[in-house]
Amino acid sequence: MVSLLLLGLGWTITRQELEGHEWRGVVCMMTSFYIGNSIILVLQTTDRNYSNIITANAILYSIAYLYIAFSALVQLRRVSSHVKMLRSSMAPEFTAPLKFKREMFIVFMMMTFLSIIAEATTQIIVASFEGFGPFIAIYEIGNFIAISIIGYYFRPRPYSPFFLMEPRIFPNRVAGVGDRDDDRLLTVVKAIKSDMVSSEV
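Residues numbered from 1 in each chain as written. Predicted model: local features only at pLDDT ≥ 70, side-chain atom pairs only at ≥ 80, totals over all residues. Heavy atoms only, no water.

**Considerations on helix H5 (residues 134-153)**
So, point 1. The end-to-end C-alpha separation of H5 is 29 Å, in line with the 28 Å expected for 20 residues at 1.5 Å each.
So, point 2. Among the residues of H5, those classed as buried are Tyr139, Asn143, Ala146 and Ile150. For H5, the arc enclosing every buried residue in end-on projection is 60 degrees, short of the 170-degree limit, so these residues lie on one face. Relative to its buried face, H5 has exposed residues pointing more than 90 degrees away, namely Pro134, Ile138, Ile141, Phe144 and Tyr152. (Helix = DSSP H or I, 4+ residues; strand = E, 2+ residues; numbered from the N terminus. Expected span 1.5 Å × (residues − 1). Buried < 20%, exposed > 50% of the residue type's maximum accessible area, 1.4 Å probe, protein only. Arc of directions from axis to C-beta.)

**Some remarks on the environment of Ala96**
So, point 1. Relative to the assigned elements, Ala96 resides in helix H4 (residues 92-129).
So, point 2. We classify Ala96 as partly exposed; its relative accessible area is 41%.
So, point 3. Distance from Ala96 to Val83, taken between C-alpha atoms, is 9.5 Å for residues 13 residues apart in sequence.

**Topic: the confidence of the model for the chain**
So, point 1. The predicted model of the chain averages 75 in pLDDT, with 73% of residues at 70 or higher.
So, point 2. Looking at the elements of the chain, mean pLDDT is at its lowest for helix H6 (residues 177-200), recorded as 49, and at its highest for helix H2 (residues 20-46), recorded as 86.
So, point 3. In this model, residues 168-181 is a region of pLDDT below 50 whose contacts with residues beyond four sequence positions or in other chains number eleven contacts. (pLDDT = per-residue confidence, 0-100. Contact = heavy atoms within 4.5 Å.)

**Considerations on the packing of aromatic side chains**
So, point 1. One pass over the structure, following the stated rule, counts eight aromatic pairs.
So, point 2. Ring geometry for Phe33 and Tyr61: centres 5.2 Å apart, planes at 90 degrees, overall edge-to-face. Of the two residues, Phe33 is situated in helix H2 and Tyr61 in helix H3 (residues 50-85); the sequence distance between them amounts to 28 residues. Take Phe33 and Tyr61: they sit in the same class, and that class is buried.
So, point 3. Ring geometry for Phe108 versus Phe154: centroids 5.8 Å apart, planes at 70 degrees, classification edge-to-face. On the criterion of sequence distance, the pair formed by Phe108 in helix H4 and Phe154 in the loop between H5 and H6 is long-range, its members being 46 residues apart. (Phe/Tyr/Trp six-rings, centres within 6.5 Å; stacked < 30°, edge-to-face > 60°.)

**Topic: the nonpolar core**
So, point 1. Counting 29 residues, the largest nonpolar core has Leu5, Val26, Phe108, Ile150 and Phe154 as the members making the most contacts within it.
So, point 2. At the level of secondary structure, the elements contributing two or more residues to this core comprise helix H1 (2-8), H2, H3, H4 and H5.
So, point 3. Top element by residues in this core is H4. It accounts for eight residues.
So, point 4. One finds Phe33, Ile40, Tyr61 and Tyr139 within the second-largest nonpolar core, a separate group that totals eight residues. (Core = buried A, V, L, I, M, F, W, Y, C linked by side-chain atoms within 4.5 Å.)

**Quick notes on the environment of Gly10**
So, point 1. Mapped onto the elements of the fold, Gly10 is located in the loop between H1 and H2.
So, point 2. Excluding anything up to four places from it in sequence, Gly10 contacts Arg15, Gln75 and Phe105.

**What to know about a nonpolar patch on the surface**
So, point 1. A cluster of nonpolar residues, Ile141, Phe144, Ile145 and Ile149, forms a patch on the protein surface that exposes about 400 Å² of accessible area.
So, point 2. Mapped onto the secondary structure, Phe144 falls in helix H5.
So, point 3. In this structure Phe144 comes out as exposed when scored by relative accessible area, which is 59%. (Patch = residues over 30% accessible without salt bridge, like charges linked within 9 Å, V, L, I, M, F, W, Y side chains within 5 Å. Areas by Shrake-Rupley, 256 points an atom, 1.4 Å probe, with all protein chains shown as cover. Salt bridge = Lys/Arg side-chain N within 4 Å of Asp/Glu carboxyl O.)

**Observations regarding H2**
Residues that lie three or four places apart on an α-helix share one face, since the helix turns once every 3.6 residues.
So, point 1. Its 27 residues place the ends of H2 40 Å apart at the C-alpha level, agreeing with the 39 Å of an ideal helix rising 1.5 Å per residue.
So, point 2. Along H2, the residues classified as buried are Glu22, Gly25, Val26, Met29, Met30, Phe33, Gly36, Asn37 and Ile40.

Here it is as structure tokens:
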């Protein structure tokens, strides 16, 4: 849950540092979640009314997942706005990293909503049958698949220097001049990549 929240906030993806209020939000949200979850587990052993337990779980997980989804949506809108700033004449070396970053957050949002649906479905089934058994196993398998897909997309890898690019630092320039600047910058980046490959060999 903590990893999902940090990825949803764009940590190491859209920025290297989070704001102080964001770190406080992470700590407060996760602390409240695990304390609430522990209390529910204790009540579950004494209260045989499954509907109360299901309702408490639904509220707890809804708050956590909605916070994650909202954070990811903010980052997705931010990345999408950056992609819109790219000129059609720019080389793929410039545009591909930002487009891939947008794809990462789209997949993240899809998997988050899949986890929400799986959680809600499991809770409804458990409430209907008043038991856990194989339904929890099915949920855990589905959740593992969703987390694995997110982990695959967000895995550590040698990203392009333009992966963290902020297009707003490139102002609108006279037609033709900006293209020449892009060509010079692209030449520098290719030289850096060539030096990195040579040093690895």
